[in-house]
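# Report on the structure
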Amino acid sequence: MHDRYDSVILHFAARAFMVPLIVVFGIYVLLHGESSPGGGFQAGAIVAAAFVLARLTLGNRHGGRSLPMWLLTVLACAGLGIYMFGGILPLLLGGNFLDYGVIPVEWYNQFAGEPKTSRAAGIFIIEWGVFLGVASVLVILYDHLTDAESDD
Amino acid sequence: MKRVTLLFLIGLAALLVWASSDLPDRADPLAPANRHLSPELTELTEQEVEIPNMVSAVLADFRGYDTLGETFVIFTAGLAVLLVLQRSRRTPDDEEEAGDA
Amino acid sequence: MIWWLELGFFGLLILAAVVALTVRDMIAAVATLTAYSFLAAGLLALMGAVDVALTEAALGAGITGVLLVGAFSRLDRRTPD
C-alpha cells in the first residue's frame, strides 16, 4: 500500500494478466448489462477494483500515473453529467424528464447491430454515466485514503 | 451480565426463526410481494423496453430517479472524502511552518 | 435440491460473522469480513439474484476490504503512543 513491491512475479501477474482481464470483464459487464446480469454500477465497481489492484502492486505513484487525480475528478463529474444529459435530452425532444421513449434510436441500432427500442438506448446512455461516476469515485476514495503514506 | 446478553440473543434468534417460518415460500407467485407490482413491471418491460434483463429495465428506466439519486449520493461521498482528507493532509505542514516561524 | 449447499453457506456465514466480531487483529477482522461478503454473494447467486450477487462480490469482497485497510493504516499513524 505504501511503496512499490519489488517482485517480478507480482508485477508480471498484475500488469500483464490480472488488470487487463478485469478491465475487459468490467467493460463486458457494462456493454452486456441489458441482456445479462450486470449494469453500470457493477461494471464501475469491477473496473475500479482493477485500478486499485494496479495501485496496490505497483505503488500509488507508479500505478496511478495513467489516472491522475484531476482526470479522476473530471471523469466523476462527466459521469454525473452524462446521466443528467440522458435525463434532459428527452426533455428537449418533447418528453418528460428521464422518459427515454422519445430518444432517436438509429445510432444505437447501428451500434447494437439489431433493432432496439429507444428506451434501451436511453438505458445504455445512463449506464455509461453510472459507470464513470462509480468507477472514478471509488478510485478517488482509495487514492485519498492511502496517499498520505506515500507522500511522506 | 454476559450470560443475560447471550440468553437474550438466543431468545431473539429463536423468535426470528419462528417468525420466518410464517413467511411465504421463495419465488412463490402468489406471495403478496409478487402479486401487487411485479406483473405490471414484467408486462411493461416486455412491451416497451424489450430488453431481456428486467433488473436493468426497472433500475434504469422505471426507477430512473432512484438511480439518479444514488449516483448523486456516491458522487457526494467522493467529494466529501476529497475535501476532508485533503485538508487533514495539509494540517501537519501548516503546524510545522507555524512552529518554525 | 441444493438445500444442503445453502445450509453450508449459511453455517459458514454465521461462523465468519462470529470470527470477525471476536478476533483481535484488525487486518484479520477485515479479511474475515471479506470472506463473509463473498459467502453472502454466493448465497444471493443461489437465490437467483445474480445482479445483487455481482455487486456484493465486487464491492463487498473487493473494494471494501482495501478501503478499510487503508483507513486503518491512516488511523495507526495518529495513535498517541
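Residues numbered from 1 in each chain as written. Chains lettered and ligands numbered in written order. Predicted model: local features only at pLDDT ≥ 70, side-chain atom pairs only at ≥ 80, totals over all residues. Heavy atoms only, no water.

### Focus: the interface of chain B and chain A
Convention followed: Should any heavy atoms of two residues lie within 4.5 Å, those residues are counted as being in contact. Buried area: the accessible area, evaluated with a 1.4 Å probe, that two parts lose upon being put together, summed over both parts. A pair is scored as a salt bridge if a Lys or Arg side-chain nitrogen falls within 4 Å of a carboxyl oxygen belonging to Asp or Glu. Put simply, DSSP marks the helices as runs of H or I at least four residues long and the strands as runs of E at least two long, and each gets a number from the N terminus on. For this classification, Asp, Glu, Lys and Arg are treated as charged, while Ala, Val, Leu, Ile, Met, Phe, Trp, Tyr, Cys and Pro are nonpolar and the rest, including Gly, are polar.
Facing 26 residues of chain B, the contacting portion of chain A comprises 32 residues. Summed over both partners, the interface of chain B with chain A buries about 2600 Å², with 72% contributed by carbon and sulfur atoms. Remark: the boundary between chain B and chain A carries two salt bridges. Across the salt bridge formed by Arg119 of chain A and Asp61 of chain B, the nearest N and O atoms sit 2.8 Å from each other. Elements supplying a minimum of two residues to the side of chain B that touches chain A: α3 (38-49), α4 (54-62) and α5 (64-100) of chain B. Take the side of chain B that touches chain A: its biggest share by element is 16 residues, from α5 of chain B. Here the side of chain B that touches chain A is composed, by residue class, of 14 nonpolar, seven polar and five charged.

### Some remarks on the confidence of the model for chain B
The condition that has to hold: pLDDT is a residue-level measure of predictor confidence that goes from 0 to 100.
Mean pLDDT over chain B stands at 83; residues scoring 70 or higher make up 85%. The element-level mean pLDDT for chain B is lowest in α5 of chain B, coming to 76, with helix α1 (residues 2-20) of chain B highest at 94.

### Description of the packing of α3 of chain B against α4 of chain B
In a pair of packed helices, the angle between the axes and the distance between the axes together describe the arrangement. Residues and elements named next belong to chain B. Worth spelling out the cut-off: Between the N-to-C directions of two axes lies an angle of 0 to 180 degrees, each axis being a line fitted to C-alpha atoms and, for a helix, fitted only over the stretch in contact. When describing relative orientation, an angle under 35 degrees is termed roughly parallel and one over 145 degrees roughly antiparallel, while 65 to 115 degrees is termed roughly perpendicular and anything else oblique.
At a minimum axis separation of 10 Å, α3 and α4 run at an interaxial angle of 85 degrees. Relative to α4, α3 is oriented roughly perpendicular. When α3 is examined against α4, the residues Leu41, Thr42, Leu44, Thr45 and Val49 are found in contact with a partner set consisting of Met54, Ala57, Val58, Asp61 and Phe62. A breakdown of the residues in the contact of α3 with α4 according to their chemical character gives seven nonpolar, two polar and one charged.

### Considering the environment of Asp99 of chain A
Residue and element names in this part refer to chain A. Test applied: When a residue's accessible area, from a 1.4 Å probe over protein chains only, is under 20% of the maximum for its type it is buried; when over 50% it is exposed; and in between it is partly exposed.
For Asp99, the position within the fold is in the loop between α4 (69-92) and α5 (106-112). Given the relative accessible area of 23%, Asp99 is considered partly exposed. Sequence spacing of Asp99 and Ala48 is 51 residues, and the spatial spacing of their C-alpha atoms is 30 Å. When near neighbours in sequence (up to four residues on either side) are disregarded, Asp99 contacts Pro90 and Arg119.

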